[in-house]
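Residue-level structure breakdown
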Amino acid sequence: MSQWLVLTIAMAAVCGVVLTITVLKERRITEDDDPTETPDVIEYLTMMVGVVYAIVLGLAIAGVWEARSAAEDTVRTEAQALHEVSARARAYPAPVRDKIRADVGAYATYVVHKEWPVMAGQGELTRHGGELLTKVRADVTDYHPRNDFEGQSYQPLVDQVAVADGARAARSDAADSTLPGVVWFGLIAGGAISIGVMFTLQIRRSGRELLMAGLFSALIAFLLFLVWDFDAPFSHGISATVAPLRELMPPS
């Protein structure tokens, strides 16, 4: 099932529950009920609950967005380092240069087609991906430069392989969920409380009140969906892109 369809169903369900409770609550109100008797303290507490929850929710969104941006930067760093390895290998003899570029392409192809789905589904990298990157490192370090021109390219190549290896490790760290379970409990409970306090303010069945109650509930559901989607940078609907690594794949 599409994640956007799940979001739509969830938002509609939340709105439906809120509106149904409001209508049922209205039917139980007696004729002598006066909505102006709502204590001021309840309105103040309702406002404070909304403010506090908005701050917590905003911090959660900022945190997972920053983690997603860092994950994208990690992928770009890895791809750029491997691109530099392929480009700087031009200083080496054709057999060595072609082998380095072929192994870089094999690594990128494996990551895009094999390792990325595993990383998205299980939150971890594969052993074979590490072996392919180790093979690229061996291609670079095992060659002994024959002249000064090749020697000047040797250390930058080694450094770029190290950068790619570090970016790969960072990608492994970013593959898992960002927020712990206790934070999710607080976000969900806070959303339920924020929606629940609306019923202390004598919501009637006027069109404006029902519309605002429904929109507020839908907004809470949408923001929680954004937090969930950004929480795992590589696996959910709005995930970090694999495009930088795809560009390193050899043409088919």
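Our structure's up above, just so we're on the same page.
Computed from a predicted structure; not experimentally measured. (Residues numbered from 1 in each chain as written. Predicted model: local features only at pLDDT ≥ 70, side-chain atom pairs only at ≥ 80, totals over all residues. Heavy atoms only, no water.)

It is worth spelling out the overall build of the protein chain at this point. On a plain count of helices and strands, the protein chain comes out with eight helices and zero strands. Beginning at the N terminus, the succession of helices and strands in the protein chain can be written as α-α-α-α-α-α-α-α. By the burial criterion, 37% of the 252 residues in the protein chain qualify as buried. Taking contacts inside the protein chain between residues at least 6 apart in sequence as the whole, the part at least 24 apart equals 81%. (Helix = DSSP H or I, 4+ residues; strand = E, 2+ residues; numbered from the N terminus. Buried < 20%, exposed > 50% of the residue type's maximum accessible area, 1.4 Å probe, protein only. Contact = heavy atoms within 4.5 Å.)

So, on to the nonpolar core. With 34 residues, the main nonpolar core has L82, V85, I100, W116, V140, F234 and L245 as its most contacted residues. Looking at this core, the elements with two or more residues in it are α2 (40-88), α3 (94-122), α4 (127-141) and α5 (148-174). Of all the elements, α3 adds the most residues to this core, at nine residues. Setting aside chain neighbours within four positions, we find L245 in contact with V75, E78, A79, L82, A108, V111, V112 and W116. In this structure, Y53, L57, A60 and I220 belong to the second largest nonpolar core, which totals 16 residues. (Core = buried A, V, L, I, M, F, W, Y, C linked by side-chain atoms within 4.5 Å.)

Let us now look at the pattern of salt bridges. Taken as a whole, this structure holds 11 salt bridges when the rule is applied. With its nearest N and O atoms 3.2 Å apart, the salt bridge here joins R171 to E115. Linking R171 in helix α5 with E115 in helix α3, this pair joins segments that are 56 residues apart in sequence. Of the two residues examined, R171 and E115, each falls in the buried class. Residues R137 and D165 are paired through a salt bridge, measuring 3.0 Å at the closest nitrogen-oxygen approach. Taken together, the residues R137 in helix α4 and D165 in helix α5 connect sequence positions 28 residues apart. Classification of R137 by relative accessible area gives partly exposed; the value is 29%. With a relative accessible area of 34%, D165 lands in the partly exposed category. Beyond isolated ion pairs, a larger network of salt bridges with shared partners links E78, E115, R168 and R171. (Salt bridge = Lys/Arg side-chain N within 4 Å of Asp/Glu carboxyl O.)

Let us now look at the packing of α4 against α5. Packing of α4 against α5 brings their axes to within 9 Å, and their N-to-C directions diverge by 170°. Between α4 and α5, the interaxial angle falls into the category roughly antiparallel. Each of G129, G130, L133, V136, R137, V140 and T141 in α4 lies in contact with α5, whose residues at this interface are Y154, L157, V158, V161, A162, A164, D165 and R168. When its residues are assigned to classes, the contact of α4 with α5 shows nine nonpolar, three polar and three charged. (Axes fitted to C-alpha atoms, helices over the stretch in contact; angles between N-to-C directions. Parallel < 35°, antiparallel > 145°, perpendicular 65-115°, else oblique. Nonpolar A, V, L, I, M, F, W, Y, C, P; charged D, E, K, R; others polar.)

Attention now goes to α5. Over its 27 residues, α5 extends 40 Å from the first C-alpha to the last, a length consistent with the 39 Å expected when each residue adds 1.5 Å. Taken residue by residue, α5 has E150, S153, L157, V158, Q160, V161, A164, A167, R168, R171 and A174 as its buried positions. At the N-terminal boundary of α5, the capping side chain belongs to N147, with an oxygen 3.2 Å from the backbone nitrogen of F149. (Expected span 1.5 Å × (residues − 1). Polar contact = N/O pair within 3.5 Å; in protein donor to acceptor, adjacent residues only side chain to side chain.)

For D139, the location among the structural elements is in helix α4. Residues within four places of D139 in sequence aside, it is in contact with K99, I100 and D103.

Turning our eyes to something else, we now look at a nonpolar patch on the surface. On the surface, a nonpolar cluster with roughly 840 Å² of combined accessible area is contributed by Y44, L45, M47, M48, V51, V52, I55, V56 and L59. If you trace the backbone, Y44 turns up in helix α2. Accessibility expressed as a relative area gives 48% for Y44, which makes it partly exposed. (Patch = residues over 30% accessible without salt bridge, like charges linked within 9 Å, V, L, I, M, F, W, Y side chains within 5 Å. Areas by Shrake-Rupley, 256 points an atom, 1.4 Å probe, with all protein chains shown as cover.)

No statement about biological role is implied by the geometric values presented.
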